[in-house]
Amino acid sequence: MTAASPVTESYAVGMLRRMLEIPSPSYGEAELAAFLVASMTELGFDARVDEAGNAVGEIVRGPGPTVLLLGHMDTVTGDLPVYAAEGRLYGRGAVDAKTPLATMVCAAAAATDFRGRVVVVGAVEEETALSRGAMHIRRTHPRPDAFVIGEPSGWSTVVLGYKGKLDLRYEVECEATHPSNPLPKATELAAGAWATLLELLGPDAGHGSFDQPGPTLVSINGDLTTATAEFSIRIPPGFDHHKLVHRLTEAVPEGRITVVNTVEACRVGRTDAVVRALTAGIRQQGAKPSMKVKTATSDMNTLAEVWDVPMATYGPGDSKLDHADDEHVVLSDYLGGIEVLSAALRELGACLPPQAPAPHATEE
């Protein structure tokens, strides 16, 4: 960190460790939100918990663009011991995605020469189907001039896009009958609906390619008379999910197909202003930047549906460790990520069209 920065390395590591020590499974983020609001206030943000439970902090440093940095506070269930060893920090959320969120808080505070408005959001319920925290932000927050989503990309890598997602529920009821009766049973029909979905998606479907749909059988429950199955399909850009739902509904008339949630895929180009700013920050740290797309879905999709502005995803951490029992981050990557994002903010402040500060924000 620079000498003028209010964020020291020990402060950044200590804040992240405390974030890991506070359990925050989906729907249980309140304690972490309160901690983040206190930390951001200490660092000079105007911070609060909003109506959805998101931790929101703003710093205004004169006239300039508004850049939104949004990560998520919630984790999957399952506590892990928090400890440091051999330059790594272990704990639930160390990768997905408390380290990217801590990086955003520290980078916004450290970018003292950024001119404009930075908004940092710790969102609730990203690990759930509906992403309620990000949905609330996109409904209530004015459109920013650019945004960055905090997810593990690797400290020297920028994520350009994600597949979308289609969540379906299949429900069926049958009359009671003996197991030996040749009539189809509810559980058999549910299994058949899954097989039909795979046929409709075709032999190339799978999670190994960004350009192909990737189906997952999330759950199947029931007995001879009633059954429910949950299907999730990761969908590439341009995929006609309405057509798929129509064809599946026609092919399984015995049951009911319900669309639980749908999010469109998103992807930006290498010349996107946020991508350029992040890659410039990575080069300043002496590394060669790389770029990739992901076959999962994130809050980048949620915001991209309504905000057509420069965007990308960035955050220290190896996504192969998402939800793992040995989830950890390399601390030098975390500290390097803060420097990268601080530099990217300075670049965005200089290259994006200037905007007047929001009237309710606090001038620093």
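What you see is a predicted model, and the numbers here were worked out from it, not measured in a lab.

*Asks:* Where do I start with the sheet that holds strand β9 (residues 164-173) in this structure?
*Replies:* Across a sheet, strands are paired by hydrogen bonds formed along the backbone, either parallel or antiparallel in direction. Taken in spatial order, the four strands line up as β10-β11-β9-β12 in an open sheet, and their pairing is antiparallel. Strand pairing shows two members of the sheet lacking a second neighbour, β10 (214-222) and β12 (256-263), which therefore form its edges. Between one strand axis and the next, the sheet turns by 15° as a mean value, whatever way the strands run. Bridge analysis of β10 against strand β11 (residues 226-235) gives eight bridges, and the strand direction is antiparallel. Directly across from Thr216, in β11, lies its bridge partner Ser232. The strands touched by helix α5 (residues 186-201) are β9, β10 and β11; relative to β11, the strand with the most contacts, the crossing angle is about 15°.

*Asks:* I tried to follow the packing of helix α1 (residues 9-21) against helix α9 (residues 331-351) on my own but got confused; where do I start?
*Replies:* For any two helices packed against each other, the geometry comes down to the angle between their axes and how far apart the axes lie. Look at α1 against α9: their axes get within 11 Å of each other, and the N-to-C directions meet at 115°. The orientation of α1 relative to α9 falls into the category roughly perpendicular. For α1 against α9, the interelement crossing comes out right-handed. In this structure, α1 contributes Glu9, Ala12, Val13, Met15 and Leu16 to the contact, and α9 contributes Leu331, Tyr334, Leu335 and Ile338. Looking at side-chain class alone, the contact of α1 with α9 contains eight nonpolar, no polar and one charged residues.

*Asks:* Even after reading the chapter, I still don't get the pairing of strand β3 (residues 66-72), so can you show me in this structure?
*Replies:* Of all seven residues that make up β3, seven are buried, and the element is covered over most of its length. Side chains Thr66, Leu68, Leu70 and His72 of β3 all project onto a buried face; the interleaved residues Val67, Leu69 and Gly71 project onto the opposite face, where all are buried too. Note: β3 against strand β7 (residues 146-150), five bridges, orientation parallel. When the sheet's bridge partners are listed, Leu68 is paired in β7 with Phe147.

*Asks:* Looking at this structure, I do not really get the packing of aromatic side chains. What am I missing?
*Replies:* Given two aromatic rings, one states the distance between the centres and the angle between the planes to describe the pair. According to the stated counting rule, one finds three aromatic pairs in the structure shown. Ring geometry for Trp194 against Phe231: centres 5.6 Å apart, planes inclined by 40°, an arrangement best described as tilted. Residue Trp194 is found in helix α5, and its partner Phe231 is found in strand β11; the two are separated by 37 residues along the sequence. Looking at Phe231, the relative accessible area reads 1%, which means it is buried.

*Asks:* So what exactly am I meant to see when it comes to the pairing of β7 here?
*Replies:* Remark: a regular strand shows side chains that alternate across the two faces of the sheet. The element β7 is extensively covered by neighbouring structure, given that five of its five residues are classed as buried. Neither face of β7 is exposed, since Ala146, Val148 and Gly150 on one face and Phe147 and Ile149 on the opposite face are all buried. Inspection of the sheet shows β7 paired to strand β15 (residues 311-314) by four bridges, in the parallel sense. Residue pairing for β15: Val148 is matched across the bridge by Ala312.

Conventions adopted
Residues numbered from 1 in each chain as written. Predicted model: local features only at pLDDT ≥ 70, side-chain atom pairs only at ≥ 80, totals over all residues. Heavy atoms only, no water. Pairing = 2+ DSSP bridges. Helix = DSSP H or I, 4+ residues; strand = E, 2+ residues; numbered from the N terminus. Axes fitted to C-alpha atoms, helices over the stretch in contact; angles between N-to-C directions. Contact = heavy atoms within 4.5 Å. Parallel < 35°, antiparallel > 145°, perpendicular 65-115°, else oblique. Left-handed = near helix turned anticlockwise from the far one by under 90°. Nonpolar A, V, L, I, M, F, W, Y, C, P; charged D, E, K, R; others polar. Buried < 20%, exposed > 50% of the residue type's maximum accessible area, 1.4 Å probe, protein only. Phe/Tyr/Trp six-rings, centres within 6.5 Å; stacked < 30°, edge-to-face > 60°.

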